[in-house]
Structures are given as C-alpha cells and as structure tokens.
Amino acid sequence: LPIFLLVAVVIFTLGSIGVLFANGQVLLSLGLLLEGMAATVMSVVALGLLGSSITDDGQRANAFATYGTISPIIYLILPLFAGWIIGAFSWRVVPGAWIMLGVLGAAATLFLLPKSQRARTSGELYTPLLAGLVLAAVVQTLSHLGDSGSTPTRSILSGIVALVSIAVLIAIWRRSSA
C-alpha cells in the first residue's frame, strides 16, 4: 500500500512540475490532470493505510473522525491561501509549493511509515485504486466538458484515462473471477 502512496506522490509532483513550467494549455492541462488524479489516489491510499494500521475499533473510529474533520477544512483553507499567494506573488509560486509538499510527502512515505507496513500485503489493492482513478477521471472529464477553445484538452485526456482505467478494471475483474 505505501508503494502506491509513493507512486501517487511522485505523479503528483511530476504534474506540479508540469504546471510550474507550463507555457501553454496542453502542458498545464496535463499537469493539472496528473495532480488531480494523484491526489485522489493519495486520499484513497491514506484511508486504506488508516484502516489497516489501526486495529482497535474505538481508535479507528477516532482516526476516521479526525481525518473526516480535517479533510474538508483543508479544502476550504488551501484555495484561500493559494489565492493570497497568487495576489501577492506569481501564480507559479503555488505549484512550486506543491512540488515542495510532494518531496516532503515522498520523504515521509519512505522514512516515516513503519517498515512492517511497507513489507505487508493487505490483499488485492488494484480494484479500489483503479475505481478511484476511474472516478477522478470521470469527474475531471465532466467538469471540463464546457471548456472553450479549439480542443478541450483536459476533457479528452481525462476521458482517455477513464476509458483505459475502466478497461483495466474490467480485465482484472474478469481475471479474478476466472
């Protein structure tokens, strides 16, 4: 499970680098697409780690309640903070901060997660991760359908990722049922 978290953090960081150095709509869209999907995978994996690492029911309920309380607050505060940064500096400072968070997240995944968590297998993980990726890609596709321009790049890229993810998910389901 932590390897999925590490891969998602790396993809998020690469997307942020793409946004930072974007000089056109295509690279910007691709970077934001990678960030959005990787952030979704990070959330799914974080919840999986939380659920698998805490065995006491009371502590698990407390941990999920804390996670459920903090997550919406982050989504409310970070856009305001990013808006302040953009107003005070350049918009490129925001993806620069995302890159720093990605590097810190990778370091935390490598050095702060217990080694027993890294070595342990906790069953089939591809289905929930792919389902999260499908969901993120479909949401990205639908949210950018009305984008103007000669080609709605985000919608096309998100749609392709959604279709490929659905195909892989179906293949895994068929293989596991056989």
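Along each chain, numbering runs from 1 in the same order as the chain's sequence is written. Where local features are concerned, this predicted model is filtered to residues with pLDDT of at least 70; where side-chain atom pairs are given and counted, the filter is 80 or more; whole-chain, interface and lining totals use all residues. As a convention, hydrogens and water are excluded, and side-chain values are obtained from all of the structure's heavy atoms.

Peer 1: Teacher, can you tell me more about the overall build of the protein here?
Peer 2: Helix numbers and strand numbers start at the N terminus; a helix is a DSSP run of H or I with at least 4 residues, a strand a run of E with at least 2. Scanning the protein for helices and strands turns up seven helices and zero strands. Secondary structure elements of the protein occur, N-terminal to C-terminal, as α-α-α-α-α-α-α. Burial classes follow relative accessibility: with a 1.4 Å probe on protein chains only, a residue under 20% of its type's maximum area counts as buried, one over 50% as exposed, and anything between as partly exposed. Taken over 178 residues, the protein has a buried fraction of 33%. Restricting to contacts in the protein with at least 6 residues of sequence separation, those with at least 24 account for 72%. Per-residue and other accessible areas follow the Shrake-Rupley method at a 1.4 Å probe size, with only the shown protein chains counted as cover for residues. If you sum the accessible surface of the protein, you get close to 10,900 Å²; carbon and sulfur atoms cover 74% of it. The contact definition used throughout considers only heavy atoms, calling two residues in contact when any of these lie within 4.5 Å.

Peer 1: Would you take a moment to explain the packing of helix H2 (residues 25–53) against helix H7 (residues 153–177) for this structure?
Peer 2: The geometry of a pair of packed helices is captured by two quantities: the angle between their axes and the separation between those axes. It is at 9 Å that the axes of H2 and H7 come closest, and there the two elements cross at 40 degrees. When the axes of H2 and H7 are compared, the pair comes out oblique. Note on packing geometry: the crossing formed by H2 with H7 is right-handed. Of the residues in H7, those in contact with Val26, Ser29, Leu30, Leu32, Leu33 and Met37 of H2 are Thr153, Arg154, Leu157, Ser158 and Val161. Polar here means any residue other than Ala, Val, Leu, Ile, Met, Phe, Trp, Tyr, Cys and Pro, which are nonpolar, and Asp, Glu, Lys and Arg, which are charged; Gly is therefore polar. For the contact of H2 with H7, the class distribution of residues is seven nonpolar, three polar and one charged. Each axis is a line fitted through C-alpha atoms, and for a helix only the stretch in contact is used; angles between axes span 0 to 180 degrees, taken between their N-to-C directions. For this classification, under 35 degrees means roughly parallel, over 145 means roughly antiparallel, 65 to 115 means roughly perpendicular, and everything else is oblique. The handedness criterion is simple: a crossing whose near helix is rotated anticlockwise from the far helix by less than a right angle is left-handed, and one whose near helix is rotated clockwise is right-handed.

Peer 1: Just to check I follow, could you spell out helix H4 (residues 93–111) for this structure?
Peer 2: When the terminal C-alpha atoms of H4 are compared, their 27 Å separation across 19 residues agrees well with the 27 Å that a helix rising 1.5 Å per residue should span. Buried within H4 we find Val94, Pro95, Ile99, Gly102, Ala106 and Thr109. Looking down the long axis of H4, one finds its buried residues gathered within 145 degrees of arc, a one-sided arrangement. Residues Met100, Leu101, Val103, Leu104 and Phe111 are exposed on H4 and point more than 90 degrees away from its buried face. Under the convention used throughout, the expected extent of a helix is 1.5 Å for every residue step, that is, one less than its residue count. The arc in question is formed by the directions pointing from the helix axis toward the C-beta atoms.

Peer 1: I keep staring at the packing of H2 against helix H3 (residues 57–88) and nothing clicks. Help me out?
Peer 2: Orientation of H2 relative to H3, taken along the N-to-C sense of each, is 160 degrees, at an axis distance of 10 Å. By the criterion of interaxial angle, the relationship of H2 to H3 is roughly antiparallel. Between H2 and H3 the crossing geometry is right-handed. Of the residues in H3, those in contact with Ser43, Ala46, Leu47, Leu50 and Gly51 of H2 are Arg60, Ala63, Phe64, Tyr67 and Tyr75. Looking at side-chain class alone, the contact of H2 with H3 contains seven nonpolar, two polar and one charged residues.

Peer 1: So what exactly am I meant to see when it comes to the packing of aromatic side chains here?
Peer 2: We describe a pair of aromatic rings using the distance from one ring centre to the other and the angle between the two ring planes. Any Phe, Tyr or Trp ring, taking Trp's six-membered ring, that has another such ring centre within 6.5 Å forms a pair; planes under 30 degrees apart are called stacked, those over 60 apart edge-to-face, and the others tilted. Counted according to the given criterion, the structure contains two aromatic pairs. Pairing phenylalanine 81 with tryptophan 84 gives two aromatic rings, centres 5.9 Å apart and planes at 20 degrees, and the pair type is stacked. In this pair, phenylalanine 81 and tryptophan 84 both sit in helix H3, three residues apart, roughly one turn of the helix. Given a relative accessible area of 47%, phenylalanine 81 falls into the partly exposed group. When the ring of tryptophan 84 is compared with that of phenylalanine 89, the centres are 6.0 Å apart and the planes differ by 85 degrees; the resulting orientation is edge-to-face. Following the ring pairs from residue to residue traces out a cluster consisting of Phe81, Trp84 and Phe89.

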